Amino acid sequence: MRAVVYHEHQALPELTTWPDPACPDGGVVVRVGATGVCRSDWHAWMGHDPVRLPHVPGHELAGTLVSVDRAVRRWRVGDRVTVPFVCGCGWCGYCRAGDTHVCPDQTQPGFTGPGSFADLVALEAADTNLVRLPDGLDLVTAASLGCRLATAYRALVTHGRLGSGEWLAVHGCGGVGLSAVLVGVALGARVLAVDTSPEAVARAADLGAEVTVTDDDPVAVVREVTGGGAHVSLDAVGTAATAVASIGCLRRRGRHVQVGLLLGSEATPPLPMDRVVAQELSVHGSHGMPAWQYADLLALVSDGTLDPARLVGRVIGLEDAPAALAAMSLPPTTAGMTVVRLST
Ligand SMILES: [Zn+2]
Ligand SMILES: [Zn+2]
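Calculation rules
- Residues numbered from 1 in each chain as written.
- Chains lettered and ligands numbered in written order.
- Predicted model: local features only at pLDDT ≥ 70, side-chain atom pairs only at ≥ 80, totals over all residues.
- Heavy atoms only, no water.
- Helix = DSSP H or I, 4+ residues; strand = E, 2+ residues; numbered from the N terminus.
- Rg over C-alpha atoms; globule rule 2.2 N^0.38 Å.
- Contact = heavy atoms within 4.5 Å.
- Donors = N, O, S within 2.8 Å, 3.2 Å for Na, K, Ca; no water.
- Tetrahedral: all angles 85-135°; square planar, octahedral: opposite > 155°, others 65-115°.
- Axes fitted to C-alpha atoms, helices over the stretch in contact; angles between N-to-C directions.
- Parallel < 35°, antiparallel > 145°, perpendicular 65-115°, else oblique.
- Pairing = 2+ DSSP bridges.
- Core = buried A, V, L, I, M, F, W, Y, C linked by side-chain atoms within 4.5 Å.
- Buried < 20%, exposed > 50% of the residue type's maximum accessible area, 1.4 Å probe, protein only.
- Polar contact = N/O pair within 3.5 Å; in protein donor to acceptor, adjacent residues only side chain to side chain.

Caption draft 1: Structural detail: the overall build of the protein. When its secondary structure is counted, the protein shows 12 helices and 15 strands. In terms of overall size, the protein behaves like a compact globule, its C-alpha atoms giving a radius of gyration of 20 Å where 344 residues would be expected to give roughly 20 Å. For the protein, the C-alpha atoms occupy an extent of roughly 55 × 40 × 35 Å along the three principal directions. Counting contacts in the protein only where the partners sit at least 6 residues apart, residues at least 24 apart contribute 71% of the total.

Below is the structure:
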């Protein structure tokens, strides 16, 4: 099969011929139709996240099953699927409780093993992890579901308990931040988008954000605009400063959701726990979404309330994927998500 492979961190990946993956016990092999280019792939390529070399990146995939292990019950060759970026083992207590996204024995295609910048990718524990795609949803659009959109959906619905008419502040208007804007609008919230880049907040406004804020220190502005603070505030950036600012933007009993990964020296921000107690704020971490929860998200997509195609920018071929990954070293653009199309 064709695959994009890198042999060293930060060395330009190459499009090459690579052995086809074997079908795992209890798993499947997917012919990749489309796969998103994500900042997490770039972090792994840079060496910020440990991956075993040589490595095939890619985790935001949609495709068609070409091989199904005989132990798999729910899936057949030809089914169109996507998959969360975290795959649970299917057996442990967390998986049995439906919390596959925090499974201690999780696999992550494109991180713990070869990913979807390839014609074929193997996925484990298919009955636990696969998500069936609605017939009308094309594979390029579906590639946005596995990572950023699902992450934003669970963060706002499960952790934020975001209600119609409530104020949502979104800190950071990159991939997951813009997804949160789109989901927030679909849920009927009043969305306030924060980013120091005027272009990024303009994109958020296109997607339905009612108010945009470009101040370095957005807390006072957000609290004033929202009449005392947001009901839900989401940090999609992942720095100590943005995590603290996100909590600062909350009204009493507000909910902060941390989605941006806090890496290295940013990992332990000084959160104002005195205010968390006195005002009954809640602080949540959110990490992807289990497969079973996609049904609610896909219902919003199917009835037209939420259009993930609005997140897609450029569609490229697999031969252009190495350059697209490397281009993430440049300052972010507002062009939207880059999706690699491999087959239909
Ligand atoms: Zn991703
Ligand atoms: Zn498990």
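Caption draft 2: Structural detail: the environment of V232. Along the polypeptide, V232 turns up in strand 11 (residues 230-235). Measuring from C-alpha to C-alpha, the distance between V232 and G160 comes to 5.8 Å, with 72 residues separating the pair along the chain.

Caption draft 3: Region of interest: the coordination of the zinc ion (ligand 2). Note on the zinc ion (ligand 2): its protein donors are C89 (SG), C92 (SG), C95 (SG) and C103 (SG). The metal-donor distances range over 2.3 to 2.4 Å. In this structure, the zinc ion (ligand 2) is coordinated by 4 donor atoms arranged in tetrahedral fashion, with angles at the metal of 104 to 114°. Read from N- to C-terminus, the donor residues coordinating the zinc ion (ligand 2) fall into the pattern C-x2-C-x2-C-x7-C.

Caption draft 4: The packing of helix 5 (residues 145-159) against helix 11 (residues 294-302), seen in detail. Following both chains from N to C, one finds helix 5 and helix 11 inclined at 95°, their axes separated by 11 Å at the closest point. Comparing their axes, helix 11 and helix 5 come out roughly perpendicular. Of the residues in helix 11, those touching helix 5 at L145, G146, L149, A150 and Y153 are Y294, D296, L297, L298 and L300.

Caption draft 5: Structural detail: the pairing of strand 4 (residues 60-68). By the bridge criterion, 8 bridges tie strand 3 (residues 28-37) to strand 4 in an arrangement that is antiparallel. Paired with A34 across the bridge in strand 4 is A62.

Caption draft 6: Looking closely at the coordination of the zinc ion (ligand 1). Bound to the zinc ion (ligand 1) are the protein donor atoms C38 (SG), H59 (NE2), E60 (OE) and C147 (SG), situated 2.0 to 2.3 Å from the metal. Coordination at the zinc ion (ligand 1) is tetrahedral: its 4 donor atoms span angles of 89 to 128° at the metal. Written as a sequence motif, the donor arrangement for the zinc ion (ligand 1) is C-x20-H-E-x86-C.

Caption draft 7: Examining the nonpolar core more closely. Among the nonpolar cores identified, the biggest contains 52 residues, and L145, L156, L168, V181, L234, L297 and L306 are the most heavily contacted of them. Apart from residues lying up to four places away in sequence, L168 is in contact with L156, L162, A180, G184, A189, R190, V191, L192 and V232. Core analysis: the next-biggest nonpolar cluster, separate from the first, contains 39 residues, V4, V121, L318 and L325 among them.

Caption draft 8: Focus on the environment of D119. Inspection of the secondary structure puts D119 in the loop between helix 2 (93-96) and strand 6 (120-123). Separated by 118 residues in sequence, D119 and M1 have C-alpha atoms that sit 5.8 Å apart. A distance of 2.9 Å separates a polar side-chain atom of D119 from the backbone nitrogen of R2.

Caption draft 9: Quick look at the environment of P269. Considering the arrangement of structural elements, one finds P269 in the loop between strand 12 (250-258) and helix 10 (273-278). On the basis of relative accessible area, P269 is assigned to the buried category, the value being 17%. Discounting chain neighbours no more than four positions away, the residues touching P269 are A240, A243, V244 and L262.

Caption draft 10: A look at unusual backbone geometry. Residue L53 is joined to P54 through a cis peptide bond whose omega torsion reads -10°. For P54, the position within the fold is in the loop between helix 1 (39-46) and strand 4. Positive phi is not limited to glycine here, since A125 has a value of about 45°. Classification of A125 by relative accessible area gives buried; the value is 14%. Phi at R161 is positive, roughly 45°, even though this residue is not glycine. Mapped onto the elements of the fold, R161 is located in the loop between helix 5 and strand 8 (167-171).

Caption draft 11: Looking closely at helix 9 (residues 240-248). Counting buried positions over the 9 residues of helix 9 gives 7, a clear majority of the element. Of the residues making up helix 9, those classed as buried are A240, T242, A243, A245, S246, I247 and G248. Those residues of helix 9 hidden inside the fold are in contact with strand 8, helix 8 (219-225), strand 11, strand 12, helix 10 and strand 13 (282-285).

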